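# Architecture and fold: a report
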Amino acid sequence: MTLGENKKIMLGLIEEYSPNNQLLTEDEDIRNRINLVYATNYQYLSQKKKILKTKTINIDTDTDNTMIEYSLPMDLYQFKRIVRLDENNNKANTNYYIVGKKIYVEARKGRYIIEYYAYPTEINIETKDNFTLEIDQDVQAILPYLVANDILKVDPSADYSAFYKEYQIRMQNLDTRRELPSIVIEEGII
């Protein structure tokens, strides 16, 4: 979903959406601050359900007792793990350590996949409506309620609390797991 599509949902919720208006709403006050309100809420939800990314490093040589230095991704929020795959794409053991914004990996032939949680691309006043949201689809559906709550807080005649309540209900039902536990049962004697 794009930022513009999410804005349409939010504006529809608060009955401010103007489909024939290129700026999406007639309300100048909302139009002037909508991206700023999206910015903080988008960042907040990206910390509730984190954005999982990977970076791949290829090493073509084997060198005993040598560590190679690489920069961690600029958008790294939290490091999750590193996996080394050998020439046959089999998982292989590796040694590594992290110091500051650098990762040092053992110089062993193979592909190293760094799995990490990322900061989202920042939304600012200049961000265009065709910007693709990086948070997962289930969290994208919660974002309009949180933004609607903040947009209407400054309007003394609006009941913004309904949007906050809906946001809370949806957050309580949000499943933030990335992996589900599973087992393999093989035939044999117990």
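Report on the accompanying structure. (Residues numbered from 1 in each chain as written. Predicted model: local features only at pLDDT ≥ 70, side-chain atom pairs only at ≥ 80, totals over all residues. Heavy atoms only, no water.)

## Looking at the packing of helix 4 (residues 143–152) against helix 5 (residues 161–172)
Our working definition: The convention used is that axes are lines fitted to C-alpha atoms, helices contributing only their stretch in contact, and that angles between N-to-C directions extend from 0 to 180 degrees. Going along the chain from the N terminus, every DSSP run of H or I of four or more residues is numbered as a helix, and every run of E of two or more is numbered as a strand. Roughly parallel refers to an angle under 35 degrees, roughly antiparallel to one over 145, roughly perpendicular to one between 65 and 115, and oblique to any angle outside these ranges. By definition, turning the near helix anticlockwise from the far helix through less than a right angle yields a left-handed crossing, and turning it clockwise yields a right-handed one. Residue contacts are defined here by distance: any two heavy atoms, one from each residue, within 4.5 Å place the two residues in contact. Residue polarity follows a fixed list, in which Ala, Val, Leu, Ile, Met, Phe, Trp, Tyr, Cys and Pro are nonpolar, Asp, Glu, Lys and Arg are charged, and the others, Gly among them, are polar.
One can describe the packing of helix 4 onto helix 5 by two numbers: an axis separation of 8 Å at closest approach and a directional angle of 155°. By the angle class used here, helix 4 and helix 5 are roughly antiparallel. Crossing angle aside, the handedness with which helix 4 passes helix 5 is left-handed. Residues Y145, L146, A148, N149 and L152 of helix 4 form the contact with helix 5, whose participating residues are F163, Y164, E166, Y167 and R170. Here the residues of the contact of helix 4 with helix 5 are counted per class, giving seven nonpolar, one polar and two charged.

## Observations concerning the sheet that holds strand 6 (residues 102–106)
Under the convention used in this document: DSSP bridges decide pairing: two strands pair if at least two such bridges lie between them.
As summarised here, the arrangement of the three strands in space is 2-6-5, forming an open sheet in which the pairing is antiparallel. Here the strands that pair on one side only, and so sit at the sheet edges, are strand 2 (67–71) and strand 5 (96–99). The mean angle between the axes of side-by-side strands here comes to 25°, regardless of whether they run parallel or antiparallel. Across four bridges, the pairing between strand 5 and strand 6 is antiparallel. By the bridge assignment for strand 6, I98 is matched with I103.

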